[in-house]
Amino acid sequence: MFNPNLFQLLEVKPIENPNLFPFPFELHIGFSIVAFVFFMLRYFFDKRPYQLILALAIPFSMTLWLSENKVWFYTVGAIEFGLLLIAFISDLIYKAKHPELKEKEENSKKEKAE
């Protein structure tokens with residue numbers, strides 16, 4: 001009735017490289033795959049450029065596992081920051097070029113309020 005092997009499943013794995021991430025490689029790759037699929041699906045339906053940028057930026061962080069070199073660590077961080085900045089700016093530009101999106105959002109808010 002009681003299975004002592006159950007406690008092995010609950011055992012927390014040690015941190016592989018605490019300087020890079022506070023979670024193991026398997027969790028990072030799983031997160032990257034889920035994020036990539038999510039943003040690609042959203043891009044398929046919404047066609048907003050920031051979604052495509054983020055679909056590529058999040059899995060790019062996996063390159064940190066290639067080397068423990070500090071220069072590479074900071075280079076990837078700078079590239080990630082740049083991609084996030086580009087995604088933010090592209091969303092602002094996209095919203096400015098598509099004012100009908102603002103009207104749709106306002107209409108949906110009014111419908112939810114009623």
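If you're wondering where the values come from, they're calculated on a predicted model, not measured in any experiment.

Draft legend 1. View of the overall build of the protein chain. In terms of helices and strands, the protein chain carries 5 helices and 0 strands. Each helix and strand of the protein chain, placed in order from N terminus to C terminus, yields the pattern α-α-α-α-α. Scored against the burial criterion, the 114 residues of the protein chain give a buried share of 23%. Element-wise, carbon and sulfur atoms account for 69% of the exposed surface of the protein chain, whose accessible area totals about 9,100 Å².

Draft legend 2. Seen up close, the packing of helix 3 (residues 49-60) against helix 4 (residues 70-97). Following both chains from N to C, one finds helix 3 and helix 4 inclined at 170 degrees, their axes separated by 8 Å at the closest point. Taken as axis vectors, helix 3 and helix 4 run roughly antiparallel relative to one another. Seen from helix 3, the contacting residues are P49, Y50, I53, L54, A57 and F60; seen from helix 4, they are V76, I79, E80, L83, L84, I86, A87, S90, D91 and Y94. Here the residues of the contact of helix 3 with helix 4 are counted per class, giving 13 nonpolar, 1 polar and 2 charged.

Draft legend 3. Up close: the packing of aromatic side chains. Evaluation of the coordinates by the stated rule reveals 4 aromatic pairs. Between F25 and W65, the ring centres sit 5.3 Å apart and the planes meet at 80 degrees, which makes this aromatic pair edge-to-face. With a gap of 40 residues between them, F25 in helix 2 (residues 25-46) and W65 in the loop between helix 3 and helix 4 connect regions that are remote in the sequence. The exposure class of F25 is partly exposed, given its relative accessible area of 29%. Seen in terms of ring centroids, F73 and Y74 are 5.4 Å apart; in terms of plane orientation they differ by 80 degrees. Their pairing is edge-to-face.

Draft legend 4. Quick peek at a negative patch on the surface. Negative charge collects at one region of the surface, where E100, E103, E105 and E106 lie side by side. Inspection of the secondary structure puts E106 in helix 5 (residues 100-113). Looking at E106, the relative accessible area reads 40%, which means it is partly exposed.

Draft legend 5. Seen up close, the nonpolar core. Judged by nonpolar contacts, A35, F39, I53, L54, A55, I58 and A87 together constitute the single largest core of 7 residues. At 4 residues, the largest contribution of residues to this core is made by helix 3. When near neighbours in sequence (up to four residues on either side) are disregarded, L54 contacts F39, P59, L84 and A87.

Draft legend 6. The arrangement of helix 5 in detail. The first and last C-alpha atoms of helix 5 sit 20 Å apart over 14 residues, in line with the 20 Å expected at 1.5 Å per residue. Of all 14 residues in helix 5, 1 are buried; the element is thus mostly exposed.

What counts, and where the lines are drawn
- Residues numbered from 1 in each chain as written.
- Predicted model: local features only at pLDDT ≥ 70, side-chain atom pairs only at ≥ 80, totals over all residues.
- Heavy atoms only, no water.
- Helix = DSSP H or I, 4+ residues; strand = E, 2+ residues; numbered from the N terminus.
- Buried < 20%, exposed > 50% of the residue type's maximum accessible area, 1.4 Å probe, protein only.
- Areas by Shrake-Rupley, 256 points an atom, 1.4 Å probe, with all protein chains shown as cover.
- Axes fitted to C-alpha atoms, helices over the stretch in contact; angles between N-to-C directions.
- Parallel < 35°, antiparallel > 145°, perpendicular 65-115°, else oblique.
- Contact = heavy atoms within 4.5 Å.
- Nonpolar A, V, L, I, M, F, W, Y, C, P; charged D, E, K, R; others polar.
- Phe/Tyr/Trp six-rings, centres within 6.5 Å; stacked < 30°, edge-to-face > 60°.
- Patch = residues over 30% accessible without salt bridge, like charges linked within 9 Å, V, L, I, M, F, W, Y side chains within 5 Å.
- Salt bridge = Lys/Arg side-chain N within 4 Å of Asp/Glu carboxyl O.
- Lys, Arg positive; Asp, Glu negative; His and termini not counted.
- Charge placed at Lys NZ, Arg CZ, Asp CG, Glu CD.
- Core = buried A, V, L, I, M, F, W, Y, C linked by side-chain atoms within 4.5 Å.
- Expected span 1.5 Å × (residues − 1).

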